[in-house]
Structure formats: structure tokens, C-alpha cells
Amino acid sequence: MNMLQGVTIGQYYPLDSQIHKMDARFKIGMIFIYVIALFTASGPFAYSLLALFALAVIALSKIPFKIILKGLKPILWIIGFTLILHTFSTKEGFIVWQWSRFSIYSGGIVRGIMMGFRLILLLSITSLLTLTTTPIDLTDGLEVLLSPFKKLGLPAHELAMMMTIALRFVPTLIEEADKIIKAQTARGADFESGGFIARAKSLIPILVPLFISAFRRADDLAMAMEARCYRGGENRTKMKELKSGKRDYLGLSVMVLVFLLMLTLRITGFDSWQAWL
Amino acid sequence: MQKQVAFLTQSAMMLALATLLSFFAVFHLPNGGSVTLGSMIPLLFVAYKFDWKRSLLVAFAYSLIQMISGFYAPPTQNLLSFIAVVLLDYVIAFGALGLAGLFYRTLLKKLPQSVSMVTSGVMTYAIRFICHFFSGILIWSFYAPAGQPVWLYSLVYNGSYMALEALISAIFLGLAGPRLLNRFTAM
């Protein structure tokens with residue numbers, strides 16, 4: 001049973017780059033703006049600009065291009081499907097190719113490529129966030145970004161605390177699960193034969209001790225927190241504060257500018273894809 | 001012991017367990033969704049022990065953990081359906097856990113504990129399925145060729161893995177659920 005070896009939470013790819021060093025809060029904000037800009041983009045010029053921006057960010061992050069491409073693999077056929085559907089369903093521009101009832105218009109090709117590109121950019125830029133930011137940093141960032149919702153009754157601090165503890169203990173529980181699996185195998189437990197029901201049943205000797213050990217850990221941890229006078233979010237300080245600097249403000253400003261450009265292009269209709277036919 | 005701290009650590013540990021179990025995927029489907037070894041069981045335990053507000057908070061924390069450990073951007077055609085699909089697949093789908101506790105406590109008045117646990121668990125899976133079903137329709141309505149019922153595709157696609165997962169969880173909850181839960185609530 002090697003299914004637990006090499007399991008990591010998230011997709012974080014540790015490197016030393018400008019993008020890795022950016023403040024998680026800014027990165028989350030920038031992703032939001034990028035996704036909105038992507039859906040605002042109206043024509044080939046806008047898409048090329050967004051693609052260039054994404055390429056620049058990927059280059060700055062030093063993440064190997066292979067890894068980004070690997071992330072696109074699962075949706076490869078959706079991208080292909082999008083391309084084909086838009087190509088055949090759009091009836092604008094001039095006819096490029098015709099065969100009995102089927103015809104391809106120039107508008108269809110332009111639109112198909114645009115939509116395919118949108119999916120590629122959407123996936124690669126969102127995966128870039130989790131590739132360059134650790135889950136713990138992301139949690140800290142989310143805590144800050146969600147804190148305005150405290151007024152609506154969302155306990156942002158408790159939420160982040162819970163997530164941080166959980167993320168911290170996943171590797172511990174993985175080790176625990178590994179031990180339990182080995183111990184039960186040594187007693188002759190068999191996890192790999194029988195039908196579906198038999199296999200589901202064979203999990204009980206693993207899951208029950210795992211639950212019990214998690215309960216016990218929760219108890220110990222609560223005791224430890226009590227002993228150190230944990231009293232919730234008010235006035236609590238952090239060991240590692242999120243720090244924002246020039247880099248972050250620069251990144252965010254560029255992102256906002258790109259978005260405003262997309263908006264202008266869309267409103268003026270200068271870059272509408274029909275205008276390119 | 002302070003109640004709030006106990007709630008925090010207990011639900012955090014259940015979150016860790018749920019995240020761990022979600023790694024044990026029996027198989028992954030090509031467009032998102034996988035059969036895991038009952039990764040919702042620890043969250044159901046939280047729902048059975050704490051009130052709906054706290055279970056909702058834990059469910060929200062779980063959806064955030066799922067997102068930050070690998071966000072799968074849905075291939076939608078416009079921003080509105082993008083937001084709708086993200087909300088449906090990540091936030092609302094797990095928000096069903098807020099209801100799990102209500103179901104459980106209502107059923108417990110009339111039925112034995114193990115039956116209540118299994119039934120409310122399966123009902124929670126059903127609600128989660130409805131969320132994925134609608135998000136599937138939103139994504140695929142564009143792709144399905146004319147005349148092909150999108151809902152049927154979404155039903156089969158999402159139903160297949162959700163049913164298997166519900167079955168695994170039901171077996172576990174039925175056989176080991178009550179004893180574990182009593183231990184958990186006694187803490």
C-alpha cells in the first residue's frame with residue numbers, strides 16, 4: 001500500500017521568484033480581476049494582451065512551462081470541443097470552407113480560437129495561484145479578505161484558525177494512517193480483494209482507529225491551547241505577518257490597468273471580433 | 001475546558017481527516033469529481049455534534065481548503081455562470097452539511113441512531129448531488145449537441161460517482177457510526 005507516499009496538500013511548487021514572494025492577499029485579488037477581465041475581453045487584440053500578461057507572469061514565476069501544460073491536460077478535449085463547436089455554430093464573416101450542408105465561416109474560426117484561448121488562460125492563471133502560494137499563506141490571505149464579512153456574522157478568524165490547524169495536521173494524520181494500515185496488514189487484514197461492499201467494509205479497521213486518534217489529538221491540542229491562554233481572534237498577533245511592498249502594489253496596478261483597457265475595448269467596440277473579419 | 005476552543009480543535013481535526021480521505025480517491029472522473037473513501041464522513045460527524053451554524057462554518061472551511069489545494073476552474077461561457085458554478089460546486093454543495101445535523105436530530109426522535117445517521121448522511125449526499133447536477137447543466141448546456149438532453153448527461157455523470165460515495169459512507173456509518181459518534185459527542 002503505497003498510496004500515501006508522496007502525497008502533498010495542494011500543488012505548491014517551491015521556487016524563489018518575484019511571484020512567489022508576492023503577498024497572498026494581492027495575488028488572490030489579482031486573480032479575481034484577471035478572471036473578470038478574461039470574461040470582459042471582446043476580441044483578438046484583448047485576448048492576445050491577456051495571453052501576453054499570463055505568459056509574463058508565468059515567466060516571472062519561473063514555474064516550468066511543462067507543469068502548466070500538465071494542468072491543462074484534463075480539459076484538453078473540452079478545449080478542442082469548444083473550438084469545434086464555435087467554429088461550426090458561428091455564421092458570420094465569409095465562407096472559408098463548404099461541404100454539402102457543412103460550412104465554416106471566418107467568424108467561426110476567430111471565435112473558436114478566442115473561446116479556446118479563454119479556457120486555457122482561465123485554467124493556467126488560476127493554477128498559477130496555487131502553484132506559487134502555500135496553502136497556509138492563502139489561508140492567511142483569505143482571513144484578511146474575509147474579515148469585512150465579520151459584520152455579517154462570519155467569524156473570519158475562527159475560520160482561518162480551523163483551516164490552519166487542519167492543514168498543519170494533514171501530514172501528521174497521513175503518517176498515522178500509514179502506521180495503522182501497516183499494523184492491520186500485519187494482523188492479516190486484506191484491503192485488495194472481494195467485491196465493492198467487501199472492500200468498503202475492509203476500510204473500517206483503518207478508519208475507526210484513525211478517527212479515534214484524531215479525536216485524541218483534538219483533545220490534546222485544545223488542552224495545549226488552553227494552557228497558553230488562547231482567547232480567540234481579538235488582539236491576536238501572528239508569528240509570520242503578511243507583508244505587502246512595492247512589488248505587490250505594482251502588480252495590482254498593472255492588473256487594474258489591464259482590466260480597464262479590456263473594459264474600454266469592450267465599450268468602444270473597437271476590438272469586437274466581428275470588426276476583425 | 002472552554003467550549004469554543006474544543007469546537008475549534010475538534011472541527012479542525014475532522015477537517016484534516018476529511019482532507020486526508022479526499023486524497024484516497026478510488027477513481028477520478030475526467031471533468032472533476034471523484035469517488036473518495038467517504039471524505040464527507042468527518043464533516044457529517046461535525047454536523048451531528050454541533051449546531052447548524054457551526055457546521056456551516058466548518059463546511060465553508062472545507063470548501064475553501066478544497067479550493068486552495070487545487071482549484072478547478074469550470075470551463076463556462078460567461079462570468080455569471082462561472083460564479084454560479086463555483087458557488088454551486090464548492091460552497092453550496094458542502095453547505096448541505098448545515099442541514100445534515102437538522103435531519104439527524106429530527107430523525108433521531110423516531111428512529112434508532114444508526115438508521116438516523118445513515119439516512120441523514122444519504123440525504124446530505126443527495127443535496128450535494130443536486131448542486132453538482134445543476135452546475136453540470138450550466139456547464140454542459142453549451143456543449144451538448146442539439147436535441148441531446150443535457151440533464152440526462154449531468155444526471156449520469158454526477159450521479160455515478162456520488163452514488164458510489166454515498167454507498168461507501170452509508171456502509172461505514174451503519175457499521176461503525178454510532179459508537180464513534182458517541183465517543184465524539186462525549187468529548
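Residues numbered from 1 in each chain as written. Chains lettered and ligands numbered in written order. Predicted model: local features only at pLDDT ≥ 70, side-chain atom pairs only at ≥ 80, totals over all residues. Heavy atoms only, no water.

Trainee: Pulling in residues and values, what's your account of the nonpolar core?
Mentor: Nonpolar side chains in soluble globular proteins generally cluster together in the buried interior. Of all hydrophobic cores here, the largest spans 132 residues; its most connected members are Tyr34, Leu50, Met162 and Phe211 of chain A together with Leu15 and Phe45 of chain B. In terms of residues, this core owes the most to one element, helix α8 (residues 156-186) of chain A, which gives 15 residues. In this structure Met162 of chain A touches Phe7, Leu8, Ser11, Ala12, Leu15, Leu57, Val58 and Ala61 of chain B, once residues within four positions along its chain are discounted. (Core = buried A, V, L, I, M, F, W, Y, C linked by side-chain atoms within 4.5 Å. Buried < 20%, exposed > 50% of the residue type's maximum accessible area, 1.4 Å probe, protein only. Helix = DSSP H or I, 4+ residues; strand = E, 2+ residues; numbered from the N terminus. Contact = heavy atoms within 4.5 Å.)

Trainee: Quick rundown of the pattern of salt bridges? Include the residues and the values.
Mentor: Residues and elements named next belong to chain A. Summed over the entire model, instances satisfying the criterion amount to four salt bridges over all chains. Here Arg25 and Asp23 are joined by a salt bridge, their closest N and O atoms 2.6 Å apart. Under the relative-accessibility criterion, Arg25 is labelled partly exposed at 22%. The shortest N-O distance in the salt bridge between Glu176 and Arg217 comes to 2.7 Å. Of this pair, Glu176 sits in helix α8 while Arg217 sits in helix α10 (residues 204-227); the two residues are 41 residues apart in sequence, bridging distant segments of the chain. (Salt bridge = Lys/Arg side-chain N within 4 Å of Asp/Glu carboxyl O.)

Trainee: An account of the pairing of strand β2 (residues 102-105) of chain A is needed here, citing residue identities and associated values.
Mentor: Residue and element names in this part refer to chain A. Two strands pair when backbone bridges link them, and strand β1 (residues 95-99) and β2 are joined in this way by four bridges, in the antiparallel orientation. When the bridges of β2 are listed, Gln98 appears paired with Ser103. What sits between β1 and β2 in their antiparallel hairpin is a turn of two residues, with Ser100 showing a positive phi close to 40 degrees. (Pairing = 2+ DSSP bridges.)

Trainee: If you had to explain the interface of chain B and chain A to someone new, which residues and values would you point to?
Mentor: Where interface size is quoted, it is often the accessible area lost as the parts come together. Chain B puts 61 residues into the contact, and the matching count from chain A is 70 residues. Our count for the contact surface shared by chain B and chain A stands at zero salt bridges. In this structure, the connection of chain B to chain A is made through one residue pair in polar contact (both at pLDDT 80 or more). For the side of chain B that touches chain A, the elements supplying multiple residues, two or more each, are α1 (3-23), α2 (41-49), α3 (52-68), α4 (79-95) and α7 (150-186) of chain B. The leading source of residues in the side of chain B that touches chain A is α1 of chain B, at 18 residues. Looking at the side of chain B that touches chain A residue by residue, the classes come out as 48 nonpolar, 12 polar and one charged. (Polar contact = N/O pair within 3.5 Å; in protein donor to acceptor, adjacent residues only side chain to side chain. Nonpolar A, V, L, I, M, F, W, Y, C, P; charged D, E, K, R; others polar.)

Trainee: Give me the lowdown on the environment of Ser202 of chain A, citing residues and values where you can.
Mentor: All names here are of chain A. With respect to the helices and strands, Ser202 occurs in helix α9 (residues 196-202). Ser202 sits 12 residues away from Asp190 along the chain, and the two C-alpha atoms are 7.1 Å apart. With residues near it in sequence (within four places) discarded, Ser202 still touches Asp190 and Phe191.

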